[in-house]
Amino acid sequence: MRHTAGLPPESAARLLGWLGCELDPDLLVLALTHRSFAHEAGGIPTNERLEFLGDSILGLVVTEFLYRNHPEAPEGELAKMRAACVSQRALAAIARTIDLGTFVLLGRGERATGGADKDSILSDTLEALLGAVYLSHGLEPTRKAVLSLVGPSLAAAAEMGAGLDWKTSLQELSAARGLGPVEYQAEGSGPDHARVFTADVLIQGERWGTGAGSSKKQAEQQAAENAYHRLEAEVLAAADAPTASETQVTFEERDQ
């Protein structure tokens, strides 16, 4: 495999080993080319079209797997499991297991500001690689690559319960307690290349949880998780507390 656009052969071989197939060197480089690198290189093509394709293939493979392997799960639960497996955060975590950030071709400014570890860049690049695999080999080899990379997430999703989607789970728990809708207040701070978001969860005007993350969605999910655990603890405490009639019985037994 020839050296192409700054990607050494040993790096390409290592990455292709994770994918489990060969790719044309130029297609591999295209899959790794972030728009910041393309801009500095004079407007060469980026990996965004491949990312668009890979996103669809990833969704198809994961959806089919969940459908076939969880025949009793309702549509809503399947949707939650799929979202947990293909979310930006989940894909970025997978990308880190194969050290994908070291392979992404970034512009100098993006790399200097930590672009190689940004969830958005890692997840998009992983999808672009899957798109390249599909173009080169078709669906079945791509399915194999997807299940190899996403398999652990698929296995964990079935055990995550409320953690599949903290915002939805919190809304359901709040509704079950008759507390009404859940509201979020989020704001971002810092420069565009290092934006940090914070979010508060409000139920009946009271703050139940806070969260932070590199995106508004991440911050709200973390806030929802914290609020869910707090509300769940109150539900359990209320269930364990003696009722008025039980307290009366206890007093009567003590007086006898």
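Residues numbered from 1 in each chain as written. Predicted model: local features only at pLDDT ≥ 70, side-chain atom pairs only at ≥ 80, totals over all residues. Heavy atoms only, no water.

1. Focus: the overall build of the protein
Per the secondary structure count, the protein includes 12 helices and three strands. Buried residues in the protein amount to 39% of all 256 residues. Partitioning the intrachain contacts of the protein with sequence separation of at least 6 by distance along the chain shows that 53% fall at a separation of at least 24. Accessible area for the protein stands at about 13900 Å²; split by element, carbon and sulfur atoms hold 53% of it. (Helix = DSSP H or I, 4+ residues; strand = E, 2+ residues; numbered from the N terminus. Buried < 20%, exposed > 50% of the residue type's maximum accessible area, 1.4 Å probe, protein only. Contact = heavy atoms within 4.5 Å. Areas by Shrake-Rupley, 256 points an atom, 1.4 Å probe, with all protein chains shown as cover.)

2. Regarding the layout of surface pockets
It is a probe the size of a water molecule, rolled over the atoms, that shows where empty space is left. In this structure, the largest pocket occupies an estimated 550 Å³ of space. In terms of lining residues, the largest pocket is bounded by 19 residues, among which Ala84, Ser87, Arg89, Leu164 and Gln221 are the most central. With five residues, helix H11 (residues 216-240) is the largest single contributor of residues to the lining of the largest pocket. Here the lining of the largest pocket is composed, by residue class, of seven nonpolar, eight polar and four charged. Lining the second largest pocket are 22 residues, and of these Glu110, Lys118, Asp119, Ser120 and Ile121 sit closest to its centre. Every element with two or more residues in the lining of the second largest pocket is listed here: helix H3 (35-40), helix H4 (48-69) and helix H8 (119-137). Among the elements that make up the lining of the second largest pocket, the one with the highest residue count is H8 (five residues). Classifying every residue of the lining of the second largest pocket gives three nonpolar, 10 polar and nine charged. (1 Å grid on protein atoms, 1.4 Å probe; cavity = no way out; pocket = protein on both sides within 12 Å on 5 of 7 lines; lining within 4 Å. Points joined across faces, edges and corners; volume = space filled by probe spheres on them. Nonpolar A, V, L, I, M, F, W, Y, C, P; charged D, E, K, R; others polar.)

3. Re the pattern of salt bridges
Considering all chains together, one arrives at 13 salt bridges under this definition. One salt bridge in this structure joins Asp117 and Arg96, with 2.7 Å as the shortest N-O distance. Of this pair, Asp117 sits in the loop between helix H7 (108-112) and H8 while Arg96 sits in helix H6 (residues 88-97), and the two are 21 residues apart along the sequence. Look at Asp117 and you get partly exposed, because its relative accessible area is 46%. The class for Arg96 is partly exposed, based on a relative accessible area of 37%. Between Arg177 and Glu234 there is a salt bridge whose closest N-O contact spans 3.9 Å. With a gap of 57 residues between them, Arg177 in the loop between helix H10 (166-176) and strand S1 (182-189) and Glu234 in helix H11 connect regions that are remote in the sequence. Given the relative accessible area of 37%, Arg177 is considered partly exposed. On the basis of relative accessible area, Glu234 is assigned to the partly exposed category, the value being 36%. (Salt bridge = Lys/Arg side-chain N within 4 Å of Asp/Glu carboxyl O.)

4. Points about the pairing of strand S2 (residues 196-203)
Here eight bridges tie S1 to S2, and the two strands are oriented antiparallel to one another. Considered in S2, the bridge of Gly188 is made with Phe197. Examined bridge by bridge, S2 and strand S3 (residues 206-213) share seven bridges and lie antiparallel to one another. Bridge pairing in S3 places Phe197 opposite Gly213. Linking S2 to S3, which pair antiparallel, is a turn of two residues; within it Gln204 sits at a positive phi near 55 degrees. (Pairing = 2+ DSSP bridges.)

5. A look at H8
An ideal rise of 1.5 Å per residue puts 27 Å on 19 residues; H8 measures up with 27 Å between its terminal C-alpha atoms. Phi for Gly138, located one or two positions after H8, is positive at around 90 degrees. (Expected span 1.5 Å × (residues − 1).)

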